[in-house]
Each structure stands twice: as C-alpha cells, then as structure tokens.
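So the chains spell out like this:
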Amino acid sequence: MFARNRIAILMAEFLGTGILALVMLSVQHSTIGLPYFVALAAGLTLVVATVSLGREGGAHFNPAITIGMWTARQIKTLPALSYVVAQMLGAWAAYYLYVYFVKTSLQPIGGHYDGHVLVAEAVGAFVLSLGFAAAVFNRFWNAKTAGTVGGAYALAIIIASSAAVGIVNPAVALSMRAFNVFGAMGWGTYALGPVLGAVIGFNLYALLFSPEASLLRMRAAVNERLGRKPAVAAASVLEAEAEASKPKRAGRPAKKRKNAKS
C-alpha cells in the first residue's frame, strides 16, 4: 500500500506537469502576443490537475514550488528530488507529444541573458508561492487549494509576461525549449528566476503569515535536523499550550429541575 501511494504521487506529478506543459505549449503557439489567454488556460489547467491528481500528494507540478517547500521544511529531501525528476520528465514527454501533434520541431527561445527576465520570472513565482503557501500552511481543502493555486498561477504568468515569455515554471520552460545548454539565457532566467521567487515567497509566508502552530512545526523540523532535541520538545510543548489556550465552545446550560412539591 505504501509503494502504491508513492508511485501514485510521482505519477501525479508526472501527469500534472505534462498536461500543464502541453496546454501552455498549445496556447502559447496559437495565441502569440496574448498572455491573458495563456494565463487563463494555465490557471484552469492547474485547477483541474490539482482537483483530479492532488489527493495523493502535494500537487506541485512545478520544480520551483517543490524547492520552495523544501527550503521551508514542508517536504523532505528525497521526496523533493523525486518530485523534481518526475516533473521534468513529464514536461519533456509533453514536448515530444506536442511535436508529434504539430509535425514540426520547436525553435529554442533565443537571446542573451537579461536581468529583466530573471526579475519578472522571480516576481511571478513569488506571487504563485504566496498562494501555494497559504493553501499549505492553512490546510485548505482540495477544491479551495485548486482555486487559490490556479488563480495565483494565472496572475503570476500575467506579471512575468511583462518582460518575458511568462512561464514561471522551470519544467514547462524545458518543454518550451527555453534552456540553452551552452548559454545562460534559460538557466539564468527561466530556471533560476522562478526558484528564487518561490524560495523567498514560501519562507516569507512561513515566518510572517503562517499560523503559529505551523511556524512551531517548521522550527521543530529545523532543530531536529540540527540535533537539538530539547528544542524540539520545547516546541512541541509550546504547540500543545497554544492549542489548549484556544477558547472552547460552551455547552448548553442544564435546565434546573422543578420542585416536585405542590
């Protein structure tokens, strides 16, 4: 059962990222110059993928989100690596499926390194990570998570498209051939930008906007990795005290028995 669950999680990341990349490839090449259509299509795709495939795992579908969650101690190292591998393979498969559909190969995104592209992708990923972090730390139910993340991704693409293609996803950037193996255009912008934005967004939300119990759990995870067991115990006690201090609903007052004497 455990193995089946792990396989389901990785397959969900593979399929979800592949579907997202395939949709963005199709819309991007049919509506050139219209980022709003790309943003709407990507947001709706993320909503559907999260609802249908997100019950078994985190439904990241984005290496930048996975890395951001890893830095915020919301996912362990080995699962994070497996997530990223599954996402990149899904996007790679989506590229070849799209090429099979259109019967022609895609030209790589050219150009030299541009700091504006890096910042635009980072800001877009920052907005996306805030929406994702809100869903994670506040434990949104599946449909609410899908709506929040899908809307945040649509906004992220609109923001990033002001100075770039507007991808905000290193795996999808791979499928769009944004990476130049011998240059810094893709790796230094469409890969590094989203990762930086997601890392900043997740950790900022965790430190300032997450519920206190979530912050204590994150600190406990950090202390555990550093071998500070007493600090972990103290964090657990503080969390228990915070939970116990919450006001409880008062029960209905018992009715007084009437005197039976006449």
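If you're wondering where the values come from, they're calculated on a predicted model, not measured in any experiment.

1. Things to note about the overall build of the protein chain
Helix and strand content of the protein chain: ten helices and zero strands. Along the protein chain, from the amino end to the carboxyl end, the secondary structure elements read α-α-α-α-α-α-α-α-α-α. Looking at the protein chain residue by residue over its 262 residues, the buried ones come to 41%. Considering only intrachain contacts with a sequence separation of at least 6, the fraction spanning at least 24 residues in the protein chain is 74%. Counting only carbon and sulfur atoms, one obtains 66% of the accessible surface of the protein chain, whose full area is about 14800 Å².

2. Regarding the environment of Arg6
Looking at the secondary structure, you find Arg6 in helix 1 (residues 2–30). Each C-alpha atom, one on Arg6 and one on Pro79, is 9.2 Å from the other, the two residues being 73 residues apart in sequence. Beyond its immediate stretch of four places on either side in the chain, Arg6 contacts Pro79 and Ser82.

3. Quick notes on unusual backbone geometry
Excluding glycine, a negative phi dihedral is what most residues carry, and trans is how most peptide bonds are arranged. With phi around 60 degrees, Lys103 is a residue other than glycine that occupies positive phi space. Phi is positive for Arg139, close to 55 degrees, though the residue is something other than glycine. Along the chain, Arg139 falls in the loop between helix 5 (115–137) and helix 6 (142–160).

4. A short note on the packing of aromatic side chains
For the structure on display, the rule yields six aromatic pairs. Note on Tyr95 and Tyr96: the rings are 5.0 Å apart at their centroids and 75 degrees apart in plane angle, and the pair reads as edge-to-face. Using a relative accessible area of 11% as the deciding quantity, one classes Tyr95 as buried. Residue classification places Tyr96 among the partly exposed positions, given a relative accessible area of 48%. Each ring, one from Phe132 and one from Phe202, has its centre 6.2 Å from the other, and the planes form 55 degrees; the classification is tilted. Here Phe202 lies in helix 8 (residues 186–208) and Phe132 lies in helix 5, a separation of 70 residues in the sequence. Each member of the pair, Phe132 as well as Phe202, is classed as buried. Each member of the aromatic cluster is reached from another via a ring pair, and the members are Trp92, Tyr95 and Tyr96.

5. A look at helix 6
Since the α-helix advances by 3.6 residues per turn, residues separated by three or four positions end up pointing in the same direction. With 19 residues, helix 6 should reach 27 Å at 1.5 Å per residue; the first-to-last C-alpha distance of 27 Å fits that figure. Those residues of helix 6 lying buried are Thr145, Ala146, Val149, Gly150, Ala152, Tyr153, Ala154, Ala156, Ile157 and Ala160.

6. Examining the nonpolar core
Nonpolar side chains in soluble globular proteins tend to end up buried together. With 52 residues, the main nonpolar core has Met24, Leu128, Tyr153, Ile157, Val168 and Phe202 as its most contacted residues. Every element with two or more residues in this core is listed here: helix 1, helix 2 (35–53), helix 3 (63–71), helix 4 (77–102), helix 5, helix 6, helix 7 (170–175) and helix 8. With residues near it in sequence (within four places) discarded, Tyr153 still touches Leu20, Met24, Ala42, Leu46, Leu128, Ile167, Val168 and Asn169.

7. Re helix 3
All of the buried residues along helix 3 are Pro63, Ala64, Ile65, Thr66, Gly68 and Met69. Residues of helix 3 that are buried make contact with helix 4, helix 5, helix 7 and helix 8. Near the N-terminus of helix 3, the side chain that reaches the backbone nitrogen of Ala64, with its oxygen 3.0 Å away, is that of Asn62. Positive phi shows up at Arg73, right after helix 3, with a value of about 65 degrees.

8. Considering the environment of Ala171
With respect to the secondary-structure elements, Ala171 resides in helix 7. Expressed as a C-alpha distance, the spacing of Ala171 and Leu89, which sit 82 residues apart in the sequence, is 8.3 Å. Residues in contact with Ala171, not counting those within four places in the same chain, are Thr17, Pro63, Gln87, Met88 and Ala91.

What counts, and at which threshold
Within any chain, residue numbers begin from 1 and follow the written order of that chain's sequence. Only residues with pLDDT of at least 70 get local features here, since the model is predicted, and only at 80 or more are side-chain atom pairs given and counted; chain-wide, interface and lining totals rely on the full set of residues. Excluded from the side-chain calculations are hydrogens and water; all other atoms, namely the structure's heavy atoms, are used. Helix numbering and strand numbering both begin at the N terminus, where a helix is a DSSP run of H or I of at least 4 residues and a strand a DSSP run of E of at least 2. The classification of residues rests on relative accessible area computed with a 1.4 Å probe and restricted to protein chains. Under 20% of the type maximum is buried, over 50% is exposed, and intermediate values are partly exposed. Working rule for contacts: check all heavy atoms of both residues, and any pair within 4.5 Å makes them a contact. Only the protein chains shown count as cover for residues, and the accessible areas themselves come from Shrake-Rupley with a 1.4 Å probe. For Phe, Tyr and Trp, where Trp contributes only its six-membered ring, two rings pair if their centres lie within 6.5 Å, and the inter-plane angle classes them as stacked under 30 degrees, edge-to-face over 60, or tilted in between. What a helix should span is 1.5 Å times the count of its residues minus one. In plain words, nonpolar cores are sets of buried Ala, Val, Leu, Ile, Met, Phe, Trp, Tyr and Cys residues tied together by side-chain atoms within 4.5 Å. Any N or O atom pair separated by 3.5 Å or less is treated as a polar contact, with the protein-specific requirement of one donor-capable and one acceptor-capable atom, and with residues adjacent in sequence counted only for side-chain atom pairs.

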